[in-house]
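Structural overview
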Amino acid sequence: MMNINPMMMKKIFLGMMVLAAVMFKSCEIDNYEGPDASIQGTIVDQNGKAVQFEQGQGSGRIKLEETSWSENPVPLYLNIRQDGSYVNTKFFAGTYLATLVEGAFYPQEGQEIAVAGEYKHDFSIVPYLELEWVSEPALTADNKVTASFKLKRNAGPNGENMPDLMDYQLFISTTQYVGNNNFDGTRVGQPVKITNTQANDTFTITSLQPMKYATTYFVRIGARVNDTYKKYNYTTIKTVTVPNG
């Protein structure tokens, strides 16, 4: 049998007391309230029209800093849907500094919002570019997708300089989440470079490869400027269906 002297016994006893205190503390009931608020809205342009995005964080995201909790809060971010809407149904009520960041639009100041219950808030931004279809995307005789569009450069608020035009790209996918983060790179080419002198042109772009028979494709065009993030502004999404061969 092992002999344990009184000093060692005392250390073991104290150690057990500390362990018991830690275990008791960890078993206390968590009485913090869970997230019982929701937040949703839409990103609109200066004319109140919903802005087109990539699904997720690909072409911008919402930065939220909870100022009611800390003077130096750790930011959290919300994703944006393709149609410019966003929603989070498990949100902590509080006051936040909300800013739309890292997208194809002029930088903006953060806005203080008080989230409680079913809170709604639309963000108004000025996108660098507005893209519009000139003709519906269609199939050529050899089953390639071709489409025409034009773009408009928006002036910056508060006298900010307009960034230079950079390029545009055709995006094609078999899923609705088409964009720069989801497209078939085997059927479309590289981005096409453009300059500011072409701002009033009508552009036509055609896929490099034919599409598969009996398949529906989702199509959109993106164009971007030479700013910090180089994200795309988009057209709406159209579909092109290739019939059976």
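Residues numbered from 1 in each chain as written. Predicted model: local features only at pLDDT ≥ 70, side-chain atom pairs only at ≥ 80, totals over all residues. Heavy atoms only, no water.

**A closer look at the layout of surface pockets**
Test applied: Lining residues are defined by having an atom within 4 Å of a point belonging to a cavity or pocket. Those points lie on a 1 Å grid over the protein atoms alone, cavities being sets where a 1.4 Å probe fits but cannot get out and pockets being open sets with protein on both sides within 12 Å along at least five of seven lines. Grid points are joined across faces, edges and corners, and a volume is the space filled by probe spheres set on the points. Secondary structure follows DSSP: runs of H or I at least 4 residues long count as helices, runs of E at least 2 residues long count as strands, and numbering of each begins at the N terminus. Polar here means any residue outside two lists: the nonpolar Ala, Val, Leu, Ile, Met, Phe, Trp, Tyr, Cys and Pro, and the charged Asp, Glu, Lys and Arg; Gly therefore counts as polar.
The calculated volume of the largest pocket comes to roughly 350 Å³. Lining the largest pocket are 18 residues, and of these K49, E130, L131, E132 and Y234 lie nearest its centre. Secondary-structure elements contributing two or more residues to the lining of the largest pocket are β9 (129–139), β10 (145–153) and β15 (233–234). Considering every element that reaches the lining of the largest pocket, the biggest residue donor is β9, with five residues. For the lining of the largest pocket, the per-class residue count stands at eight nonpolar, four polar and six charged.

**What about the pairing of strand β14 (residues 215–225)?**
Here is the rule we go by: The buried label applies to any residue whose accessible area, calculated with a 1.4 Å probe on protein chains only, is under 20% of its type's maximum; exposed applies above 50%, and partly exposed to all values in between. By this definition, two strands are paired if DSSP reports at least two bridges between them.
The element β14 is largely enclosed, with a buried count of nine among its 11 residues. Where strand β11 (residues 165–173) meets β14, eight bridges bridge the pair, whose relative direction is antiparallel. Along β14, the bridge assignment pairs I172 with V219. Sheet analysis places β14 next to strand β16 (residues 238–242), joined by five bridges and oriented antiparallel. In the strand pairing of β16, Y217 is matched with V240. Across two bridges, β14 lies against β15 in antiparallel orientation. Residue pairing in the sheet places G222 in a bridge with Y234 of β15.

**Concerning the environment of A199**
Our working rule: In this description, contact between two residues means that some pair of their heavy atoms is separated by no more than 4.5 Å.
Looking at where A199 falls in the secondary structure, it is placed in the loop between β12 (192–193) and β13 (202–206). Taking C-alpha positions, A199 is 6.8 Å from K152, a pair spaced 47 residues apart along the chain. With sequence-adjacent residues up to four places away left out, A199 is seen in contact with L151, R153 and L165.

**Notes on empty space enclosed by the protein**
Following the criterion strictly, the structure yields one cavity of 30 Å³ or more and no others. Approximately 40 Å³ is the volume found for the largest cavity. In this structure, the largest cavity is lined by V51, Q52, F53, S59, A104, F105, I125, P127, Y232 and N233. Looking at the lining of the largest cavity residue by residue, the classes come out as seven nonpolar, three polar and no charged.

**Quick notes on the nonpolar core**
We apply this condition: What makes a nonpolar core is a set of buried Ala, Val, Leu, Ile, Met, Phe, Trp, Tyr and Cys residues whose side-chain atoms join them at distances within 4.5 Å.
In this structure, L129, L151, I172 and I221 are the most contacted members of the largest nonpolar core, which totals 28 residues. Elements with a contribution of two residues or more to this core: β9, β10, β11, β13, β14 and β16. It is β14 that contributes the most residues to this core, five residues altogether. If we skip the residues at most four places from it in the chain, I221 touches L131, W133, A147, F149, Q169, L170, I205, N233, Y234 and T235. Judged by nonpolar contacts, the second largest core, of 20 residues, contains A37, I80, F91 and V115.

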